[in-house]
Amino acid sequence: MRASILPLRAERLALIRDGQRLIDTVSFTLPQGGITTIIGPNGAGKSLTLRLCHGLIAPDEGMVTWARDAHLRHAMVFQQPVMLRRSVRANIAHALHALTHPAVKSRTDEALARFHLTPLAERPARLLSGGEKQKLAIARAWATEPEVLFLDEPTSQLDPAATREIEALIRTLSLEGLTLVMTTHDLGQARRLADRILFFNRGRLVEDADAASFFEQPETPQARAFIAGELL
Amino acid sequence: MDVTSAFVEAFSLITRLDPGFLAIVGLSLKVTLTAVVLAALIGLPLGAWLAMARFPGRSALVITINALMGLPPVVAGLIVFLLLSRSGPLGSWGLLFTPTAMVIAQTLLVLPIVVSLTRATLEELWAEYRDHLTSLGLTGLRAIPTLLWDGRFALATGLLAGFGRASAEVGAVLMVGGNIAHYTRTMTTTIALETSKGDLPLALGLGIVLMTLTLAINAAAYAASRVGARYAG
């Protein structure tokens, strides 16, 4: 078994655009395991924080460090799943470009079966329903065997039934040992899934607490206002 | 000869597979297909690079290439003529009034179409795929194979449009090929010449083949877009 890339350390991260600090001096540590949920009102910097951690954007100040080389060992699922103009099977196989051909085939079959996508394997991915697309996006990310999975608002585009299915999947993946970091604007979802909450407001990390204590005893007036639905 | 008799004779030329007639059709297809393949080999990577690269003057380059899609064939012919004429920079190659010169001229006509359509198709795909491909470590040149493959149906339509333009043009091949019988005479240059001479059956026969070819190209382009919608979504 390979040595863990965790903990991830975000140290004094800042992202500045047009003189505005969209992410403002954010520091936290991500240990192994559990579901960390980033919540906060619109424009709080939730998705940007996820992108900074995943390396899609570089911080203007501060740094993200992993315990060891984390190249291709963390994956991300986007709010609007990006579906290549190929079949479901080919979408998964494409993500495994670093593997040899036989390994790609067996891992793709494994992912299709694991996420109950085998009956849809030959369908064009772009013609799937919203829920199926998101499930494929998670299956595709899972197939790359990441240690950490970042999920950006994974259910915001889905109906309640599809949302339940994706939430169940997230819970299962967590129980299997995958470390998950997700953003959501849905407080109910955060209550249902989160082990730990990172509460952001205006680019700053306002509270970092385990989920139970965050919802029962929020420490800051901003967090209290957000939970009460007064901060949108 | 009246028009009806000319049509009858034209169909006879086609159906009896007249060797002289077939040689003209064959040369036309050979020149145009070679030009399209060359334009694809140069234009697809160039268009892909242009879709992803960001540098000062890029917008001006994109506008220029778009404008070159409307390059008049006679101007393309003139450029190649000047390059290949005895006193031109490539005059020592002795290519003027050869099929190679015709290929060069047609490549010049097709290249802007291929580059421009590739750039537009891949730029749109890159905007959609960027986050996902970056997440997979496929950035820069490593993203290009994915983009070319996923844009294949649109790109095929672009290549067919290029083929259509090249096969129908007359000015450039006339200027640099010289319309020499049994050597550089293509369908379009023959139609122009034979019509002026009053030999309508040959002109009409070649016209029918050219129209059939245009129809086939459009059918293929339509099929490519339908297949793309069905299999790629």
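See the structure shown above.
This section reports on the structure supplied with the text. (Residues numbered from 1 in each chain as written. Chains lettered and ligands numbered in written order. Predicted model: local features only at pLDDT ≥ 70, side-chain atom pairs only at ≥ 80, totals over all residues.)

## Some remarks on the sheet that holds strand 2 (residues 20-30) of chain A
Residue and element names in this part refer to chain A. Across the sheet, which stays open at both edges, the 3 strands sit in the order 2-1-4 with antiparallel pairing between neighbours. The sheet terminates laterally at strand 2 and strand 4 (61-65), the two strands that pair on one side only. Strand-to-strand, the axes of this sheet are offset by a mean angle of 20°, without reference to chain direction. Note that strand 1 (residues 8-17) and strand 4 share 4 bridges and pair antiparallel. Looking across to strand 4, one finds that Ala-10 is bridged to Val-64. (Pairing = 2+ DSSP bridges. Helix = DSSP H or I, 4+ residues; strand = E, 2+ residues; numbered from the N terminus. Axes fitted to C-alpha atoms, helices over the stretch in contact; angles between N-to-C directions.)

## So, the pairing of strand 9 (residues 204-210) of chain A
Residues and elements named next belong to chain A. By the bridge criterion, 6 bridges tie strand 8 (residues 196-201) to strand 9 in an arrangement that is antiparallel. When the sheet's bridge partners are listed, Arg-196 is paired in strand 9 with Asp-210. Hairpin connection of strand 8 to strand 9: 2 residues between the antiparallel strands, including Arg-202 at a positive phi of 50°.

## Digging into the sheet that holds strand 8 of chain A
Residues and elements named next belong to chain A. What the 6 strands build is an open sheet, ordered 5-6-7-3-8-9; its pairing is mixed. Whereas interior strands pair on both sides, the edge strands pair on one side only; in this sheet they are strand 5 (74-77) and strand 9. Each neighbouring strand pair of the sheet contributes to a mean axis angle of 15°, computed without reference to strand direction. Alignment of strand 3 (residues 35-39) against strand 8, held across 4 bridges, turns out to be parallel. Along strand 8, the bridge assignment pairs Thr-36 with Arg-196. Helix 4 (residues 130-143) contacts strand 5 and strand 6 (148-152) of the sheet and is inclined by roughly 175° relative to strand 5. (Contact = placed C-beta atoms within 7 Å.)

## Considerations on the packing of helix 1 (residues 3-15) of chain B against helix 10 (residues 200-231) of chain B
Residues and elements named next belong to chain B. Between helix 1 and helix 10, whose axes approach to 8 Å, the crossing angle comes to 60°. By the angle between their axes, helix 1 is oblique relative to helix 10. The two elements helix 1 and helix 10 meet at a crossing, and its hand is right-handed. Along its contact with helix 1, which presents Ala-6, Phe-7, Glu-9, Ala-10, Leu-13 and Ile-14, the element helix 10 presents Leu-200, Pro-201, Leu-202, Leu-204, Gly-205, Ile-208 and Val-209. Classifying every residue of the contact of helix 1 with helix 10 gives 11 nonpolar, 1 polar and 1 charged. (Parallel < 35°, antiparallel > 145°, perpendicular 65-115°, else oblique. Left-handed = near helix turned anticlockwise from the far one by under 90°. Nonpolar A, V, L, I, M, F, W, Y, C, P; charged D, E, K, R; others polar.)

## Quick word on the interface of chain A and chain B
Residue-level contacts link 18 residues of chain A with 14 residues of chain B. Residue assignment for the side of chain A that touches chain B shows that the elements contributing at least two residues are strand 5 and helix 2 (88-95) of chain A. Across the side of chain A that touches chain B, the residue classes break down as 11 nonpolar, 4 polar and 3 charged.

## Considering the environment of B:Ser225
Residue and element names in this part refer to chain B. Residue placement: Ser-225 occurs in helix 10. Sequence separation between Ser-225 and Gly-177 is 48 residues, and the spatial gap between their C-alpha atoms is 35 Å. Those residues in contact with Ser-225 that lie beyond four places of it in its chain are Phe-153 and Thr-157.

## Examining the nonpolar core
Residues and elements named next belong to chain B. Ranked by internal contacts, the top residues of the largest apolar core, which has 125 residues, are Ala-105, Val-114 and Val-176. When residues of this core are assigned to their parent elements, the largest contribution, 17 residues, is made by helix 5 (residues 99-135). The residues touching Val-176, leaving out its near neighbours within four places in the chain, are Gly-77, Val-80, Phe-81, Leu-84, Leu-96, Ala-101, Met-102 and Ala-105. (Core = buried A, V, L, I, M, F, W, Y, C linked by C-beta atoms within 7 Å. Buried ≥ 20, exposed ≤ 12 C-beta atoms within 10 Å, placed from the backbone.)

## Some remarks on the packing of helix 4 of chain A against helix 5 (residues 160-175) of chain A
Residue and element names in this part refer to chain A. For the pair helix 4 and helix 5, interaxial distance at closest approach is 9 Å and the crossing angle is 15°. The orientation of helix 4 relative to helix 5 falls into the category roughly parallel. Considering the relative orientation of helix 4 and helix 5, their crossing is right-handed. Seen from helix 4, the contacting residues are Gly-130, Gly-131, Gln-134, Lys-135 and Ile-138; seen from helix 5, they are Ala-162, Glu-165, Ile-166 and Leu-169. Across the contact of helix 4 with helix 5, the residue classes break down as 4 nonpolar, 3 polar and 2 charged.

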